[in-house]
Each structure stands twice: as C-alpha cells, then as structure tokens.
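# An overview of the molecular structure
Listed below are the residues making up each chain.
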Amino acid sequence: MFRIPLTQFAAACLWSCMLLTPAVAMAAPKSAVQTVYYGGNQRQDYYVELLQLALSYPGNHDYQLKASDLNLPKQRAFDLMNAHGGIDVLFGSVSEERLRQYRGIPFSILKGYNGWRVALIHRQTPDILRGIHSKQHLSRLTVGQFLTWSDTQILRRNGLKVDTSTDGNGLYGMLERGRIDYFPLSVLEVAYELSIHQNPQLMIDPQLLIIYPTATWFYVAKDNTALADALLQGLQQAEQDGSFDKLFQRYFGDALQRLQLEKRTRIMLENPLLPAQVKVQ
C-alpha cells in the first residue's frame, strides 16, 4: 500500500487550508442585531407597525424594535432621544425648531391628514358649525385645545379664539359645560377619541372640515444618521411596493370614509410653523 509520509500529509493539509482561507474570508460577517427603542410602553399601533415595516427591508443592519417603557412629556422624550438616553425614535409634527434640534425623516407618515380637523360638539348645539364658511365666521366661536399642542399656536395665528387646558381629558369637560364651543381633532383620531371617552353629551359635527397644511415625521437623534437612512430607505420602499398604503388603509380607511369628508364645508387655515420646503404628502 502506498503511504504519504506524515510530514507530507501535514504539509498538504496546511496548504489546503491556506487555499480555502481567502474564500472563507470573502464571506461578509453577519451584522449584529441592533435594538431600536421607541417611546412609551410596548404596544401594537400604527406607528409601531410602520416602524417595524420600515426596518424590515434588507439593509446593512439587522434591527429589532422594542419599547423604551419611558412615558415622558413629549419635549422631555425628544431631548432624551437626542442625548441617547434610552429612546431612539419618536414621531411628531414638523416645525423649524424641531428640524434644527433633531434629525427628521422626510416622509409624511400620516399623509397630511393630521391637519384635517373635524370637531366634537355638544349634542344640545348640533348646528353650531352649520353655515360657517370662513375663518372670520369661525373666530366668533371659542375652540378648545391642549395647551402645549402646536395646533394651539396655529389656530391662534389664524385669528381664532382659543381656550386651553393642561389636562387633555379636561377639554371634554369644558365642552360638556359649554366653556368651549367645539373641540377639533384629527380626522384620523376623532371617532376613536369619542369612543374611549364615552360621553353621551358629545357628538361629531357633521358639517365642517378645517384644513391646514401639516406633516408628521419620525425623528431620531441629530447625529444618528445610520438609523435615519435606514428608516427613510424602508419607508420609501414600503411606499413603492404598496405596503405603506395598505397599512394606512387598514388603520384609518374606514374612519375616513365614515366622516364623509367630501360632503363637508372646508375652511383652509395657514400653518406658519411648517417650513416652506416640507412636503405635506
């Protein structure tokens, strides 16, 4: 029997390993999974599902989404995000101030509908907004808003009379007691808000649609370019393949249809807080 000397066999093995090494080295190492924390507790809502969708597209990193379990006032949450203090991504309306301080993802995640407003009114005054055709007519009534909402500034800058509350739930009581005449909310949330408060004295106004241009974006820390790029790429791909529209319709399609927006009188307002270069849709 022909036998290879042990020294020659070892040398052959070493040579084979050296030949294989470059091929193994050429295989790209798998990226480590990076956790992305969103504000608040664990939940499955439109914003979380949209984040999951955007981060699901193939890219340079693998991401997993988790709740931060940090329930903070919005400004504190934004500042904590910027300091990399346990929150990586938040959503909010677009303003010059926010774009200076944080990195916005230029994609309108609510398609501009956050600036489409339908009012809650008292059942004893079901026609209070009937016949209103201009913001001059509207300025005769008192509108209720939460103190720190950007909408409060927008309505006031359009000459409307605004009464505010530091308690979101307090606005429903103000409307019930007649301290305010109407309480406008986004067409995406008005029916849901009325359902969870279950106040039999209140109803959705069937007459009026107030519109001002606005955009809602995701935000990350100012220096977090990698996550910003990944989110923008994912959102754009979701828009192109139709999955963004599908998700939006699943959450909001029925609510928009029931409000019969096409039959309502429209009053257009200006939004001085919105940067001129920002696209609403």
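Here we summarise the structure given alongside this text.

Rules used throughout
- Residues numbered from 1 in each chain as written.
- Predicted model: local features only at pLDDT ≥ 70, side-chain atom pairs only at ≥ 80, totals over all residues.
- Heavy atoms only, no water.
- Pairing = 2+ DSSP bridges.
- Helix = DSSP H or I, 4+ residues; strand = E, 2+ residues; numbered from the N terminus.
- Axes fitted to C-alpha atoms, helices over the stretch in contact; angles between N-to-C directions.
- Contact = heavy atoms within 4.5 Å.
- Phe/Tyr/Trp six-rings, centres within 6.5 Å; stacked < 30°, edge-to-face > 60°.
- Buried < 20%, exposed > 50% of the residue type's maximum accessible area, 1.4 Å probe, protein only.
- Arc of directions from axis to C-beta.
- Salt bridge = Lys/Arg side-chain N within 4 Å of Asp/Glu carboxyl O.
- Expected span 1.5 Å × (residues − 1).
- Parallel < 35°, antiparallel > 145°, perpendicular 65-115°, else oblique.
- Nonpolar A, V, L, I, M, F, W, Y, C, P; charged D, E, K, R; others polar.

## Some details on the sheet that holds strand 11 (residues 216–220)
- A sheet is described by the order of its strands in space; here three strands give the open sequence 3-11-4, paired in antiparallel fashion. Because the sheet does not close on itself, it has two edges, and the strands there are strand 3 (90–93) and strand 4 (103–105). If you compare each strand with its neighbour and ignore which way they point, the axes differ by 45° on average.
- When strand 3 meets strand 11, the two strands line up antiparallel, connected through four bridges. Looking at the pairing, Phe 91 lines up with Phe 218 of strand 11.
- Helix 9 (residues 225–241) contacts strand 4 and strand 11 of the sheet and is inclined by roughly 15° relative to strand 4.

## Let's talk about the packing of aromatic side chains
- Applying the stated rule across the entire model yields 15 aromatic pairs.
- A ring pair is formed by Tyr 46 and Tyr 251, whose centres lie 5.7 Å apart and whose planes are at 70°; its orientation type is edge-to-face. Taken as a pair, Tyr 46 in helix 2 (residues 46–54) and Tyr 251 in helix 10 (residues 243–258) lie far apart in primary sequence, 205 residues in all.
- Aromatic side chains Tyr 47 and Phe 91 sit 3.7 Å apart centroid to centroid with 5° between the ring planes, which places their arrangement in the stacked category. Of this pair, Tyr 47 sits in helix 2 while Phe 91 sits in strand 3, placing them 44 residues apart in sequence.

## Brief notes about unusual backbone geometry
- Unusually for a residue other than glycine, Lys 111 sits at a positive phi of about 60°.
- As for its placement among the helices and strands, Lys 111 is situated in the loop between strand 4 and strand 5 (116–122).
- A positive phi angle is found at Gln 198, which is not glycine, with a value near 50°.
- Secondary-structure assignment places Gln 198 in the loop between helix 8 (190–197) and strand 9 (202–204).

## With respect to helix 6 (residues 150–157)
- Among the residues of helix 6, those classed as buried are Asp 151, Thr 152, Ile 154 and Leu 155. For helix 6, the buried positions fall inside an angular range of 165° around the axis, keeping them on one side.
- On its buried face, helix 6 is in contact with strand 5, strand 6 (142–146) and strand 7 (161–165).
- Of the residues flanking the end of helix 6, it is Gly 159, one or two places downstream, whose phi is positive at about 85°.

## Overview of the pairing of strand 11
- Burial within strand 11 is extensive, with five of its five residues counted as buried.
- Residues Thr 216, Phe 218 and Val 220 of strand 11 are buried on one face, and the alternating residues Trp 217 and Tyr 219, pointing to the opposite face, are buried as well.
- As defined by bridge partners, strand 4 adjoins strand 11 across three bridges and the pair is classed as antiparallel. Residue pairing for strand 11: Gly 104 is matched across the bridge by Tyr 219.

## A word on the pattern of salt bridges
- According to the stated counting rule, one finds seven salt bridges in the structure shown.
- The salt bridge partner of Arg 130 is Asp 127, with a shortest N-O separation of 3.3 Å.
- On the accessibility criterion, Asp 127 (43% relative accessible area) is partly exposed.

## Here we look at helix 9
- An ideal rise of 1.5 Å per residue puts 24 Å on 17 residues; helix 9 measures up with 24 Å between its terminal C-alpha atoms.
- Among the residues of helix 9, those classed as buried are Leu 227, Ala 228, Ala 230, Leu 231, Gly 234, Leu 235 and Ala 238. Along the long axis of helix 9, the arc covered by the buried residues comes to 165°, so they all point the same way. Away from its buried face, by an angle of more than 90 degrees, helix 9 presents the exposed residues Asp 229 and Gln 240.
- Among the structural elements, strand 1 (33–38), helix 2, strand 2 (62–67), strand 4, strand 11 and helix 10 are those in contact with the buried residues of helix 9.
- Gly 242 lies just past helix 9 and shows a positive phi near 90°.

## What to know about the packing of helix 2 against helix 9
- In contact at an axis separation of 8 Å, helix 2 and helix 9 are set at 95° when each is read in the N-to-C sense. Comparing the axis directions of helix 2 and helix 9 gives the class roughly perpendicular. On helix 9, the residues touching Leu 50, Leu 51, Leu 53 and Ala 54 of helix 2 are Ala 230, Leu 231, Gly 234, Leu 235 and Ala 238.
- Residue composition of the contact of helix 2 with helix 9, by class: eight nonpolar, one polar and no charged.

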